[in-house]
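# Structural description and commentary
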Protein chains: 2
Amino acid sequence: MADINAVAKQFTDFYYSTFDSGRANLQPLYREGSMLTWEGTPIMGAAAITEKLTGLPFERVVHKITTLDAQPSSPTMASMIVSVTGLLVVDDSPNPLQFSQVFQLIPEGQSYFVLNDIFRLNYGA
Amino acid sequence: MADINAVAKQFTDFYYSTFDSGRANLQPLYREGSMLTWEGTPIMGAAAITEKLTGLPFERVVHKITTLDAQPSSPTMASMIVSVTGLLVVDDSPNPLQFSQVFQLIPEGQSYFVLNDIFRLNYGA
């Protein structure tokens, strides 16, 4: 079995650097059956997900990962759940926002696609 | 298909009320192949997971759910990913801690068991 922590690290490095440099380029990671729940709003399919991501109301964004955990998600295939917490700096805001994001990655050929994606900002207590 | 948001709500209500009233009673939710990653530490199997949870260094704990999101996690069975963010109040601490927790629930008979469980505290920026 591939080291899922290494795969999770490689995936999230790619995902967030792509998000931060040109988020339209995330579309190849999703499929027609992929799901994104963004701040409680459910969206399905690569095209609609890309439209949602590119339409978010900020120009510049930087993700900083604080924690990264991964587990195999199926006894029968090399899929995995990846859970991320981190900080998000948008535009000229001096205050980073905390976020939580969960992915399920499904193997396809020599790579993976995103079946599940759940994103939430975490506001203070 | 059952309404997965209703199942997720019912599961998390049960999970956290059981955690807060007597966390040894969570053991029936896990199986031998279940995984918990607690603050980065991986643990496998219902018995070891229960031992970890009951050994946590606090007596009284109250979970308050802030956000709850669920998605189907498989095209072939009624499994689901449940993502929770919330606040944790332990013992006499006046300061709630933010947490993120992700579950994958697998159908079994008329109910579900927890295959995946990832827990993280979220410290401030």
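Shown above is the structure to which this text applies.
Now for a description of the structure that goes with this document. None of these values were measured; they are calculated from a predicted model.

## Focus on the environment of E39 of chain A
Residue and element names in this part refer to chain A.
- Mapped onto the secondary structure, E39 falls in the loop between β1 (30-38) and β2 (41-44).
- Exposure remark for E39: the relative accessible area of 28% places this residue in the partly exposed category.
- Separated by 79 residues in sequence, E39 and I118 place their C-alpha atoms 8.0 Å apart.
- When residues no more than four places from it in sequence are discounted, the contact partners of E39 are F119, R120, L121 and Y123.

## Details of the pattern of salt bridges
Residue and element names in this part refer to chain B.
- Scanning the entire structure with this criterion turns up 8 salt bridges over all chains.
- In this structure, D92 and R60 form a salt bridge, with 3.1 Å as the shortest nitrogen-oxygen distance. Highlighted residues: D92 in the loop between β4 (80-90) and β5 (97-108) and R60 in the loop between α2 (46-54) and β3 (61-72), separated in sequence by 32 residues.
- Residue D92 is classed as exposed on the basis of its relative accessible area, which comes to 65%.

## Quick word on the sheet that holds strand β6 (residues 111-122) of chain B
Residue and element names in this part refer to chain B.
- In spatial order, the strands read β2-β1-β6-β5-β4-β3; together these 6 strands make up an open sheet with mixed pairing. Single-partner strands in this sheet number two, and they are β2 (41-44) and β3. Between one strand axis and the next, the sheet turns by 15° as a mean value, whatever way the strands run.
- Sheet contacts for helix α1 (residues 4-22): β1 (30-38), β3, β4, β5 and β6; angle to β3, the most-contacted strand, approximately 155°.
- Contacts from α2 reach β1 and β2, with the element oriented near 40° to β1.

Each value, and the rule that gives it
- Residues numbered from 1 in each chain as written.
- Chains lettered and ligands numbered in written order.
- Predicted model: local features only at pLDDT ≥ 70, side-chain atom pairs only at ≥ 80, totals over all residues.
- Heavy atoms only, no water.
- Helix = DSSP H or I, 4+ residues; strand = E, 2+ residues; numbered from the N terminus.
- Buried < 20%, exposed > 50% of the residue type's maximum accessible area, 1.4 Å probe, protein only.
- Contact = heavy atoms within 4.5 Å.
- Salt bridge = Lys/Arg side-chain N within 4 Å of Asp/Glu carboxyl O.
- Pairing = 2+ DSSP bridges.
- Axes fitted to C-alpha atoms, helices over the stretch in contact; angles between N-to-C directions.

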